[in-house]
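Each chain, written out:
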Amino acid sequence: MTQLSVPFMQFRGGSSKGLYFLASDLPADPAERNQWLLSAVGRDARQIDGLGGGDPLTSKVGIIALSSRDDADIDYLFVQVVVGENRVDTTPNCGNILAGVGPFAVETGLMAVQGPETRVRVHMLNSGKLCELVLQTPNGAMNYDGDTRIDGVPGTSAPVICNYMDVAGSACGSLLPTGNVLDVVDGIEVTCVDNGMPVVVLRAEDMGIVGDESPAELNANEVLKARLQSIRLQLGPMMNLGDVDGAAVPKMCLISEPQRGGVINTRTFIPYQCHAAIGVLGAVSAATACILPGSVAEGIAQVDLTTLGIDNPLQLSVEHPSGEFSVSLAVDNNGERPDVRKAGLLRTARLLSRGEVFISERLINQGS
């Protein structure tokens, strides 16, 4: 048996890190492809035999190709390697890894530089939705240096602007997957939202916590995690996600009153461990809950709904354990409920390495 060589690049995308591949360099068969990715990133909890970092935020993959759609430039498939479980999940999107898709496309020559800024329309295969990325490309090349700072990442970098187009119902089929703004499960009121990412929003106080606890403290709270899992399992079918045991979605977002001038304070489980920050699209769904009349966020979220409008995007700061995440929502408020037409987010990305990753043909054949 031999080792197989596969070209790759590694980017920090937002507050995550992942391996990026051209789809043409990987097997077309999804099952075979997934075995390659598991060997590249790592199969065990430490990922000692792969390039992953033993953490969900550093065990991610982006697979990129020229798009077959007329309204998109690039096709992007996100793959989450589930740490320590020797399997992958392609159910969710990842907005952080998305931030590196445009730079990867430019670096590989899939996209030509258009001028000082380059716009890349990305078809997100996981959801079938579109996102426009605005990259900084002065002097005919990607620029990674700049003054933009995002929480969860040291230093500053060039901005990557992510304009998500009509992402409601990305995985569940509708903005409100259960058909209700408010549901009750195990005696707990919840609001289920899918505006790019399926998220269950709950009041922190209803779950017996304050909402400002550290992720480490919440991860040690086995009673809380068991209650969250019970709610998740019951809501999976109600959200059109089926059996979600072991799945990456829905995320569980516990909210409380903001503490640092934001709209809401959050603690998000992704889904079994409390996130040190909050996911990109998870922040969009959490922010969306804040503008829905009758949701669990009503009375907690500090937001002025009188300013809603397509031409006057609402700027919402979602607080999380390591800072805040700013979300811009362009909302049509003429219907029965607010309709989010576009969500704008600010991310950064940086090329970390490029080369070949070597994977064991024997391990691929054994699937272990």
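Calculation notes
- Residues numbered from 1 in each chain as written.
- Predicted model: local features only at pLDDT ≥ 70, side-chain atom pairs only at ≥ 80, totals over all residues.
- Heavy atoms only, no water.
- Helix = DSSP H or I, 4+ residues; strand = E, 2+ residues; numbered from the N terminus.
- Buried < 20%, exposed > 50% of the residue type's maximum accessible area, 1.4 Å probe, protein only.
- Polar contact = N/O pair within 3.5 Å; in protein donor to acceptor, adjacent residues only side chain to side chain.
- Contact = heavy atoms within 4.5 Å.
- Pairing = 2+ DSSP bridges.
- Expected span 1.5 Å × (residues − 1).
- Salt bridge = Lys/Arg side-chain N within 4 Å of Asp/Glu carboxyl O.
- Phe/Tyr/Trp six-rings, centres within 6.5 Å; stacked < 30°, edge-to-face > 60°.
- Core = buried A, V, L, I, M, F, W, Y, C linked by side-chain atoms within 4.5 Å.

Comments concerning the side chain of Ser157
Inspection of the secondary structure assignment puts Ser157 in the loop between β7 (129–136) and β8 (159–165). Classification of Ser157 as buried rests on a relative accessible area of 5%. In terms of polar contacts, Ser157 uses its side chain to reach the side chain of Arg12, at 3.2 Å. The contact partners of Ser157, leaving out residues within four places of it in the chain, are Arg12, Tyr144, Asp145, Gly146, Asp147, Thr148 and Thr348.

Points about the pairing of β8
It is a general feature of regular strands that their side chains alternate between the two faces of the sheet. Of the strand pairs in this sheet, β7 and β8 are connected by 5 bridges, and their pairing is antiparallel. What sits directly across from Cys131, in β8, is Tyr164. The sheet contact formed by β8 and strand β16 (residues 339–360) spans 7 bridges and is antiparallel. Along β16, the bridge assignment pairs Tyr164 with Ala343.

Some points on helix α5 (residues 222–238)
Relative to the 24 Å expected for 17 residues at 1.5 Å per residue, α5 spans 25 Å between its end C-alpha atoms, a close match to the ideal helical length. For α5, every residue scored as buried is listed here: Leu224, Lys225, Leu228, Gln229, Ile231, Arg232, Leu235 and Gly236.

A word on the environment of Thr91
Within the fold, Thr91 resides in the loop between β5 (87–89) and α2 (95–98). On the basis of relative accessibility, which here comes to 34%, the residue Thr91 falls in the partly exposed class. In the structure, Thr91 is positioned 258 residues away from Ala349 in sequence and 23 Å away in space, judged by C-alpha atoms. Excluding residues within four positions of it along the chain, Thr91 makes contact with Asn126 and Val249.

Considerations on the pattern of salt bridges
Enumeration according to the criterion identifies 10 salt bridges in this entry. A salt bridge links Arg119 to Glu132; its shortest N-O distance comes to 3.1 Å. Of this pair, Arg119 sits in strand β6 (residues 117–124) while Glu132 sits in strand β7, and the two are 13 residues apart along the sequence. Here Arg119 falls in the partly exposed class, since its relative accessible area comes to 39%. The class of Glu132 is buried, set by a relative accessible area of 16%. Residue Lys225 pairs with Glu222 through a salt bridge whose shortest N-O separation is 3.4 Å. Highlighted residues: Lys225 and Glu222, both in helix α5, separated by 3 residues, approximately one helical turn. Judged by its relative accessible area of 17%, Lys225 falls in the buried class. Through salt bridges with shared partners, one network takes in Glu117, Arg119 and Glu132.

A word on the packing of aromatic side chains
Following the criterion strictly, the structure yields 3 aromatic pairs and no others. A centroid spacing of 6.5 Å and a plane angle of 75 degrees characterise the contact between Phe11 and Phe104, whose relative ring orientation is edge-to-face. Linking Phe11 in strand β1 (residues 3–13) with Phe104 in helix α3 (residues 101–108), this pair joins segments that are 93 residues apart in sequence. Accessibility classification places Phe11 together with Phe104 in one group, the buried group.

Here's the deal with the nonpolar core
When a protein is soluble and globular, its nonpolar side chains tend to lie buried together. Core analysis: the largest hydrophobic core is formed by 90 residues, its most contacted members being Tyr76, Tyr164 and Leu329. By residue number, the principal contributor to this core is helix α6 (residues 280–289), which donates 7 residues. Those residues in contact with Tyr76 that lie beyond four places of it in its chain are Gly62, Ile63, Ile64, Cys94, Ile97, Leu98, Val101, Val122, His123, Met124, Leu125 and Asn126. Counting 19 residues, the second-largest nonpolar core is a separate cluster that includes Leu77, Val79, Val88 and Val357.

Regarding unusual backbone geometry
In this chain, Val249 is followed by Pro250 through a cis amide linkage whose omega measures 0 degrees. As for its position among the elements, Pro250 is in the loop between α5 and β12 (251–256). Residue Pro271 is reached from Ile270 by a cis peptide bond, and omega for that bond is -5 degrees. Tracing the sequence through the fold places Pro271 in the loop between β13 (264–269) and α6. Positive phi, normally seen in glycine, also occurs at Asn139, with a value near 60 degrees. Relative to the assigned elements, Asn139 resides in the loop between β7 and β8. Non-glycine residue Asn240 carries a positive phi angle of around 65 degrees. Position of Asn240 relative to the elements: it lies in the loop between α5 and β12.

Some thoughts on the pairing of β12
The buried fraction of β12 amounts to 6 of the 6 residues, a majority that puts the element mostly inside the structure. Both faces of β12 are covered, namely the face carrying Lys251, Cys253 and Ile255 and the face carrying Met252, Leu254 and Ser256. Of the pairings in the sheet, the one linking strand β11 (residues 198–203) to β12 comprises 5 bridges and is parallel in character. Note that in β12 the partner of Val199 across the bridge is Lys251. Relative to β13, β12 runs antiparallel, the two sharing 5 bridges. If you follow Leu254 over to β13, its bridge partner there is Arg267.

Looking at the environment of Asn139
Assessed through its relative accessible area of 82%, Asn139 is described here as exposed. As for Asn139 and Val113, which are separated by 26 residues in sequence, their C-alpha atoms are 9.2 Å apart.

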